[in-house]
Amino acid sequence: MYFKALLQERRADPGDDLVSLLSHAEVDGERLPEEILISFLRQLVNAGGDTTYRGTSILLTGLLTHPDQLEAVRKDRSLIPQAIEEALRWDGPVLIATRTPSVDTELCGVKLPAGACLSVASGSANRDPSRFENPDRFDIFRKKQRHFAFAFGPHVCIGQHLARVEMARALNAILDHLPNLRLDPDMPPPRIQGTMMRVPKHIHVRFD
């Protein structure tokens, strides 16, 4: 209901924002159906908020539980991009995705009938020891290799670049405004939880 009203408002009084652009977009002379626009906007809100805050929380957990790496990032902000990539590899915010084969197929000797409902543990690709040395270790200095946090191919995350920008700005802001950030030794350390969607419920910290 919210997005429907928002689209009507932007069609009547468009601006230079994304919703205005989408509300007036045309394909072969026809405007995009309202249900398609609403579906896209719902996905955009979810992707721009939910997974990004989870990824940022995992990044903070990795750095705070490895104070030497946090100190390295604090002294050299140019390390932030590789810290983000390592956090996404180490324990990305989405580890399981649902997929449906469109045709009968076979993968690694397992027959997958068309129409089957598959729960794919895609996050396991980021802990593949044949690809990543000591895969369970959080190490922002590891050899640069592409991870699977944003998937590959036709299902690749279209918001991955925005997610990286948001995570970088969040970490920079935290380091700027919370000097000597560290875990609170009197509180339990953060523990990343979840099956499909991962995040620590709490990160107890101290700062000067």
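Everything below is about the structure printed above this text.
### Topic: helix 5 (residues 80-91)
- Taking 1.5 Å of rise per residue, the 12 residues of helix 5 would be expected to cover 16 Å, and the 17 Å separating its terminal C-alpha atoms lies within 8% of that figure.
- Within helix 5, 9 of the 12 residues are buried, which leaves it mostly tucked inside the rest of the structure.
- Within the sequence span of helix 5, burial applies to I80, A83, I84, E86, A87, L88, R89, W90 and D91.

### Comments concerning the nonpolar core
- By size, the foremost hydrophobic cluster in this structure holds 25 residues, and its most contacted members are L59, L63, V73, I84, F138, I140 and L171.
- Residue assignment for this core shows that the elements contributing at least two residues are helix 3 (34-64), helix 4 (67-75), helix 5 and helix 6 (160-177).
- Here this core takes 6 residues from helix 5, the largest share from any one element.
- When neighbours within four sequence positions are excluded, I84 is seen to be in contact with L59, R164, M167 and A168.

### Quick word on the packing of aromatic side chains
- The full count for this structure, using the stated rule, is 3 aromatic pairs.
- With 5.4 Å between their ring centres and 65 degrees between their planes, Y2 and F3 make a pair best called edge-to-face.
- Given the relative accessible area of 16%, F3 is considered buried.
- Measuring from ring centre to ring centre gives 5.0 Å for W90 and F138, while their planes differ by 65 degrees; the resulting arrangement is edge-to-face.

### Let's talk about the state of the cysteines
- By the definition in use, this model includes 0 disulfides.
- Counting only cysteine sulfurs, C117 is the nearest neighbor of C108, a cysteine outside any disulfide, at a range of 19 Å.

Reading the values: the criteria
- Residues numbered from 1 in each chain as written.
- Predicted model: local features only at pLDDT ≥ 70, side-chain atom pairs only at ≥ 80, totals over all residues.
- Heavy atoms only, no water.
- Helix = DSSP H or I, 4+ residues; strand = E, 2+ residues; numbered from the N terminus.
- Expected span 1.5 Å × (residues − 1).
- Buried < 20%, exposed > 50% of the residue type's maximum accessible area, 1.4 Å probe, protein only.
- Core = buried A, V, L, I, M, F, W, Y, C linked by side-chain atoms within 4.5 Å.
- Contact = heavy atoms within 4.5 Å.
- Phe/Tyr/Trp six-rings, centres within 6.5 Å; stacked < 30°, edge-to-face > 60°.
- Disulfide = S-S within 2.5 Å.

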